[in-house]
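These are the residues of each chain, in order.
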Amino acid sequence: MESLTSNDNTLEHITVVCPFSTCAVKLSRRQLEEHIFLCHASSRTTTGPMSGSTPTGASHSRLVKSGIADQTQNSIDRLLGTISSLKSELATMMDDQRKEMAAEFDMQKGHMVQKEAALRGQIEALKMDVGQLSQQLSSMQEAEKHRSQELDRITAENQQLLSSLRALQAEQEEKCQHCSCGKGKVTNV
């Protein structure tokens, strides 16, 4: 493949003489087509096949047509090559971007998985704390209920004792008033 390319390049640089009889310009084969097309455009309109300013007969029209066709084909080939290389570059860039995005997505996904695991752990710890606090609250409410009941019982006993004491005092006062001991007064509680 490289030898074909180097052969094409070598052939393009070979020096040739302009085929027009009145022109003795020497130039490379690559430049010949452009020279004929630009410099001898006015002589294309001459009608004689052997006119002094044109190459011989049919060879001139073939040369001009083949020069234009070759130039057009070369341009098309260069454009197709450029398009192909641009497509290849674009595909490579898109593939690289896709890989970068996939790597970034994987990294973010891993980070989110770690964060989710940490949050789940915190939620479980909070649930355990809430359970313990709920148990402590229940036991404190139960203790408060027992204290309240005990306080009510103690208050009731206190009331009974006070009423019994008052009754005893009243009875003692009544006895002492009838008695001759002279202690008519009893200290109230």
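> Which parts of the structure should I look at to understand the overall build of the protein chain?
The number of helices and strands found in the protein chain is three helices and two strands. Written out in order from the N terminus, the α and β elements of the protein chain read α-β-β-α-α. Residue burial in the protein chain is summarised as follows: out of 189 residues, 10% are buried. Restricting the contact set of the protein chain to residue pairs at least 6 apart, pairs at least 24 apart contribute 25%.

> Sorry if this is basic, but what is going on with the confidence of the model for the protein chain here?
In this model, the protein chain carries a mean pLDDT of 79, and residues with pLDDT of at least 70 account for 72%. Mean pLDDT values for the elements of the protein chain range from 58 in helix α1 (residues 2-12) up to 89 in helix α3 (residues 57-178). pLDDT under 50 marks residues 45-58. Its contacts with residues more than four places away, or in other chains, come to 23 contacts.

> Looking at this structure, I do not really get helix α2 (residues 29-39). What am I missing?
Structurally, the α-helix is built with 3.6 residues per turn, so residues lying three or four positions apart point the same way. Within α2, burial applies to Leu32, His35 and Ile36. Relative to the axis of α2, the buried residues are bounded by an arc of 95 degrees and lie together on one face. Exposed residues on α2 whose side chains face more than 90 degrees from its buried face are Arg30 and Leu38.

> What is the right way to look at the environment of Lys26 in this model?
Within the element layout of this structure, Lys26 appears in strand β2 (residues 26-28). A C-alpha to C-alpha distance of 6.4 Å links Lys26 and Thr15, two positions 11 residues apart in sequence. Among residues more than four places away in sequence, those in contact with Lys26 are Thr15, Val16 and Val17.

> I tried to follow the pattern of salt bridges on my own but got confused; where do I start?
Opposite charge on two side chains allows them to pair when their charged atoms are near. The full count for this structure, using the stated rule, is seven salt bridges. Residues Lys99 and Asp95 are paired through a salt bridge, measuring 3.4 Å at the closest nitrogen-oxygen approach. Taken together, the residues span about one helical turn, with Lys99 and Asp95 both in helix α3 at a distance of four residues. Notably, a salt bridge pairs Glu150 with Arg153, separated by 2.1 Å at the nearest N-O pair. Taken together, the residues span about one helical turn, with Glu150 and Arg153 both in helix α3 at a distance of three residues. By relative accessible area, which is 40% here, Arg153 ends up partly exposed.

> Explanation requested: a nonpolar patch on the surface in the structure shown.
A surface patch of nonpolar side chains, about 370 Å² in accessible area, is lined by Ile76, Leu79, Leu80 and Ile83. Mapped onto the elements, Ile83 comes out in helix α3.

About the cut-offs
Residues numbered from 1 in each chain as written. Predicted model: local features only at pLDDT ≥ 70, side-chain atom pairs only at ≥ 80, totals over all residues. Heavy atoms only, no water. Helix = DSSP H or I, 4+ residues; strand = E, 2+ residues; numbered from the N terminus. Buried < 20%, exposed > 50% of the residue type's maximum accessible area, 1.4 Å probe, protein only. Contact = heavy atoms within 4.5 Å. pLDDT = per-residue confidence, 0-100. Arc of directions from axis to C-beta. Salt bridge = Lys/Arg side-chain N within 4 Å of Asp/Glu carboxyl O. Patch = residues over 30% accessible without salt bridge, like charges linked within 9 Å, V, L, I, M, F, W, Y side chains within 5 Å. Areas by Shrake-Rupley, 256 points an atom, 1.4 Å probe, with all protein chains shown as cover.

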